[in-house]
Amino acid sequence: AFGRVTQPAFIVGFVMIWAGILIQAIADNQLDAFMEANQRRREKGDKVIQVLNSGLWYYSRHPNYFAETLHWSGYGVAAIGLA
């Protein structure tokens, strides 16, 4: 019964799914914090920062989209392991 879920493709797909979920949560959290900090700057009359370039956003302009793609691609890879 558990033979198929131990296939390498299924395991890789499962890791991709959870990595995508984790990366997306981190990226969204960083973006929310950035937006809130900019709102506070705006309210104080300080200059806002135009581009988020720290955290995951340092490595990619859209880490949340990358994570979404990784997440959904993981289902396809996991399905190959179940075939």
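Scroll up to find the structure this text is about.
Since we're looking at a predicted model, the values are computed, not measured.

Rules used throughout
Residues numbered from 1 in each chain as written. Predicted model: local features only at pLDDT ≥ 70, side-chain atom pairs only at ≥ 80, totals over all residues. Heavy atoms only, no water. Helix = DSSP H or I, 4+ residues; strand = E, 2+ residues; numbered from the N terminus. Rg over C-alpha atoms; globule rule 2.2 N^0.38 Å. Areas by Shrake-Rupley, 256 points an atom, 1.4 Å probe, with all protein chains shown as cover. Lys, Arg positive; Asp, Glu negative; His and termini not counted. Charge placed at Lys NZ, Arg CZ, Asp CG, Glu CD. Polar contact = N/O pair within 3.5 Å; in protein donor to acceptor, adjacent residues only side chain to side chain. Contact = heavy atoms within 4.5 Å. Phe/Tyr/Trp six-rings, centres within 6.5 Å; stacked < 30°, edge-to-face > 60°. Buried < 20%, exposed > 50% of the residue type's maximum accessible area, 1.4 Å probe, protein only.

*Asks:* Residue-level account of the overall build of the protein chain, with values.
*Replies:* Counting secondary structure elements, the protein chain contains 2 helices and 0 strands. A compact globule built from 83 residues should have a C-alpha radius of gyration of about 12 Å, whereas the protein chain, at 18 Å, is more than 25% larger. The principal-axis extents of the C-alpha atoms in the protein chain amount to approximately 60 × 20 × 15 Å. Approximately 6,000 Å² of the protein chain is accessible, and the part contributed by carbon and sulfur atoms is 65%. Across the protein chain, the 7 positively charged side chains and the 6 negatively charged ones have centroids separated by 6 Å.

*Asks:* I'd love a proper account of the side chain of Asn38, names of residues and values included.
*Replies:* Assignment of secondary structure puts Asn38 in helix α1 (residues 8–44). Reaching out from Asn38, the side chain makes a polar contact with the side chain of Arg41 at a distance of 3.1 Å. Residue contacts for Asn38: discarding those within four places in its chain leaves Val48 and Ile49.

*Asks:* Pulling in residues and values, what's your account of the packing of aromatic side chains?
*Replies:* Going through the model one piece at a time under the given rule, you end up with 4 aromatic pairs. Judged by centre distance (5.1 Å) and plane angle (90 degrees), the rings of Tyr58 and Tyr59 are edge-to-face. According to the relative accessible area criterion, Tyr58 is exposed, its value standing at 59%. The class of Tyr59 is exposed, set by a relative accessible area of 69%. Three or more aromatic residues joined by ring pairs form one cluster here, namely Phe10, Phe14 and Trp18.

*Asks:* Quick one: what's the story with the environment of Asn53, residue by residue and with numbers?
*Replies:* Topologically, Asn53 is positioned in the loop between α1 and α2 (63–82). Overall, Asn53 belongs to the partly exposed group, its relative accessible area being 49%. For the pair formed by Asn53 and Phe34, sequence separation is 19 residues and the distance between their alpha carbons is 9.8 Å. Each residue touching Asn53, except ones within four places of it in the same chain, is listed here: Tyr58 and Arg61.

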